[in-house]
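The residues making up each chain are set out below.
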Amino acid sequence: MLITSKSNPLIKTVSSLADKKFRRKTGVYLVEGVKSVKECIASGCDVRTVVCTEDHAPSFPEATFVSDSVFSSISCEKTPQGVIAVVKIPDYGLKPPSGNCLLLDCLQDPGNLGTVLRTANAAGYTEIYMINCTDPYSPKAVRASMSGIFFVKLYFGTREAVLSALDGVPIICADMEGENIFGFVPPDKFCLCIGNEGGGISAEVMERSTHTVKIPMRETCESLNAAVSAGIAMYALKNNK
């Protein structure tokens, strides 16, 4: 069966998932692109359905097939690849970390957030705590994570609840007033905190920090992109141990 109507109930549901309100209501999100969908399935994520155009039938034989025009109406990409999956948003609750972890404090740019998730997966920071951040399950953040979101655990909560879950874990804040990160020896177990792109780390989290570190820069550079800073810091702290 080929769906050719944009008013089809499934198509309307998939289309609505570009909106955060409907992702929250339904508990699912979108993964788009051939490579991303294949990696999502292989990772063991709870894939509810795959929707694709007929030319992808050999790779996704169990999918729901739609016309090119219908697919274009549900795609979040400028140049659609013809494959999109509806995936369950995992709920890991809120618990203390088992190893080194990240704390993202009010990160607001979905591209930055997705890039941080991508780098965290690469560097082995698989537990990520989030306070008032942009939605990591938005299409732009998922795309920027380059499948990293499938391999990390995301924990959400109020600032108070997250800091309570991190009780007893040394928090290392990235801050321009900190010590040079390349000479800093971190504790065996720690939480690296990255703050808001413009405002930095909140006062409440900074008060809870046990260490502050900075990435040295030339005087001609005022600051680094949040995702770039996070990537440098993640690897520097691991290499300094």
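Residues numbered from 1 in each chain as written. Predicted model: local features only at pLDDT ≥ 70, side-chain atom pairs only at ≥ 80, totals over all residues. Heavy atoms only, no water.

Chemist: I tried to follow the overall build of the chain on my own but got confused; where do I start?
Modeler: Each helix and strand in the chain was counted, giving nine helices and 11 strands. Relative to the 2.2 N^0.38 estimate, which gives 18 Å for 241 residues, the radius of gyration of the chain is 20 Å and therefore close to what a compact globule would have. Expressed along its principal axes, the backbone C-alpha trace of the chain runs to roughly 60 × 40 × 30 Å. Buried positions account for 49% of the 241 residues belonging to the chain. If you take every contact in the chain between residues at least 6 apart in sequence, the share linking residues at least 24 apart comes to 77%. Surface summary for the chain: the accessible area is close to 11,700 Å², and the carbon and sulfur share equals 50%. (Helix = DSSP H or I, 4+ residues; strand = E, 2+ residues; numbered from the N terminus. Rg over C-alpha atoms; globule rule 2.2 N^0.38 Å. Buried < 20%, exposed > 50% of the residue type's maximum accessible area, 1.4 Å probe, protein only. Contact = heavy atoms within 4.5 Å. Areas by Shrake-Rupley, 256 points an atom, 1.4 Å probe, with all protein chains shown as cover.)

Chemist: What is the right way to read the nonpolar core from this model?
Modeler: One recurring pattern in soluble globular proteins: nonpolar side chains tend to sit buried together. By size, the foremost hydrophobic cluster in this structure holds 47 residues, and its most contacted members are Tyr-29, Val-31, Leu-104, Ile-128 and Met-234. Ignoring anything within four residues of it in the chain, the contact list for Tyr-29 reads Arg-23, Ala-85, Val-86, Val-87, Lys-88, Ile-89, Tyr-137, Val-142, Ile-149 and Phe-150. Ile-171, Cys-193, Ile-201 and Val-205 belong to the second-largest nonpolar core, a separate cluster that totals 16 residues. (Core = buried A, V, L, I, M, F, W, Y, C linked by side-chain atoms within 4.5 Å.)

Chemist: So what exactly am I meant to see when it comes to the packing of helix α5 (residues 110-123) against helix α9 (residues 226-239) here?
Modeler: In a packed pair of helices, the relevant descriptors are the angle between the two axes and the axis-to-axis distance. The contact between α5 and α9 brings their axes to 8 Å, and the two run at 15°. It follows that α5 is roughly parallel to α9 by the angle criterion. The two elements α5 and α9 meet at a crossing, and its hand is right-handed. Mapping the contact onto sequence places Asn-112, Thr-115, Val-116, Thr-119, Ala-120, Ala-122 and Ala-123 in α5 and Ala-226, Ala-227, Ala-230, Gly-231, Met-234, Tyr-235 and Lys-238 in α9. Its residues assigned to classes, the contact of α5 with α9 comprises nine nonpolar, four polar and one charged. (Axes fitted to C-alpha atoms, helices over the stretch in contact; angles between N-to-C directions. Parallel < 35°, antiparallel > 145°, perpendicular 65-115°, else oblique. Left-handed = near helix turned anticlockwise from the far one by under 90°. Nonpolar A, V, L, I, M, F, W, Y, C, P; charged D, E, K, R; others polar.)

Chemist: Help me understand the sheet that holds strand β10 (residues 191-194) in this model?
Modeler: Sheet strands associate in pairs through backbone hydrogen bonding, adopting either a parallel or an antiparallel arrangement. Reading across the sheet, the six strands line up as β8-β7-β6-β10-β9-β11 and stay open at both edges, with parallel pairing between neighbours. Each of the sheet's edge strands pairs with one partner strand only, and the pair in question is β8 (153-156) and β11 (211-214). Across the sheet, the axes of successive neighbouring strands diverge by a mean angle of 35°, strand direction being ignored. As paired strands, strand β9 (residues 171-180) and β11 are joined by five bridges and run parallel to one another. Counterpart to Asn-180 in the pairing with β11 is Lys-214. Sitting on the sheet, α5 is in contact with β6 (101-105), β7 (127-131) and β8, with an inclination near 175° to β6. Against the sheet, α9 makes contact with β6, β9 and β10, and its axis sits at roughly 165° relative to β10, the strand it touches most. (Pairing = 2+ DSSP bridges.)

Chemist: How do you make sense of the layout of surface pockets when you look at a structure like this?
Modeler: Any empty space left between the atoms is revealed when a probe the size of a water molecule rolls over them. Of the pockets and cavities examined, the largest pocket occupies roughly 460 Å³. For the largest pocket, the lining is made up of 22 residues, of which Ala-174, Asp-175, Met-176, Leu-224 and Ser-229 are closest to its centre. Those elements that place two or more of their residues in the lining of the largest pocket are β9, β11 and α9. In the lining of the largest pocket, the residues fall into 12 nonpolar, seven polar and three charged. There is about 290 Å³ of room inside the second largest pocket. The residue inventory of the lining of the second largest pocket, partitioned by class, reads seven nonpolar, two polar and four charged. (1 Å grid on protein atoms, 1.4 Å probe; cavity = no way out; pocket = protein on both sides within 12 Å on 5 of 7 lines; lining within 4 Å. Points joined across faces, edges and corners; volume = space filled by probe spheres on them.)

Chemist: For this particular structure, what's the right way to read the side chain of Asn-100?
Modeler: The topology assignment puts Asn-100 in the loop between β5 (83-88) and β6. Note on Asn-100: relative accessible area 17%, which makes it buried. Polar side-chain contacts of Asn-100 include one of 2.9 Å to the backbone nitrogen of Phe-190. (Polar contact = N/O pair within 3.5 Å; in protein donor to acceptor, adjacent residues only side chain to side chain.)

Chemist: Honestly, the packing of aromatic side chains in this entry has me stumped. Any pointers?
Modeler: The geometry of an aromatic ring pair is captured by two quantities: the separation of the ring centres and the angle between the planes. Across all of its chains, the model carries five aromatic pairs by this definition. Relative to Phe-151, the ring of Phe-150 has its centre 6.3 Å away and its plane inclined at 65°; by these criteria the two rings are edge-to-face. Sitting over the face of the ring of Tyr-125, Lys-238 holds its NZ or CZ atom 5.2 Å from the ring centroid. (Phe/Tyr/Trp six-rings, centres within 6.5 Å; stacked < 30°, edge-to-face > 60°. Lys NZ or Arg CZ within 6 Å of the ring centre and 35° of its normal.)

Chemist: Before we go on, may I ask you to explain the pairing of β8 in this structure?
Modeler: Regular strands place their side chains on alternate faces of the sheet. Two elements, β7 and β8, share four bridges in a ladder whose sense is parallel. Paired with Glu-127 across the bridge in β8 is Lys-153. In the classification by handedness, the crossover that spans β7, the intervening helix α6 (residues 139-145) and the parallel β8 is right-handed. (Right-handed = clockwise from strand over helix to strand, strands pointing away.)

Chemist: Even after reading the chapter, I still don't get unusual backbone geometry, so can you show me in this structure?
Modeler: Most peptide bonds are trans, and most residues other than glycine sit at a negative phi. Non-glycine residue Cys-106 carries a positive phi angle of around 65°. Even without being a glycine, Asn-132 presents a positive backbone phi close to 50°. Looking at the secondary structure, you find Asn-132 in the loop between β7 and α6.

Chemist: Would you explain the sheet that holds strand β3 (residues 47-53) in this entry?
Modeler: Across the sheet, five strands lie side by side as β1-β4-β3-β5-β2; this open sheet has mixed pairing. Each end of this open sheet is capped by a strand with a single partner; those strands are β1 (2-3) and β2 (28-32). Relative to β3, helix α1 (residues 9-16) is tilted by about 105°, and along the sheet it contacts β1, β2, β3, β4 (64-66) and β5.

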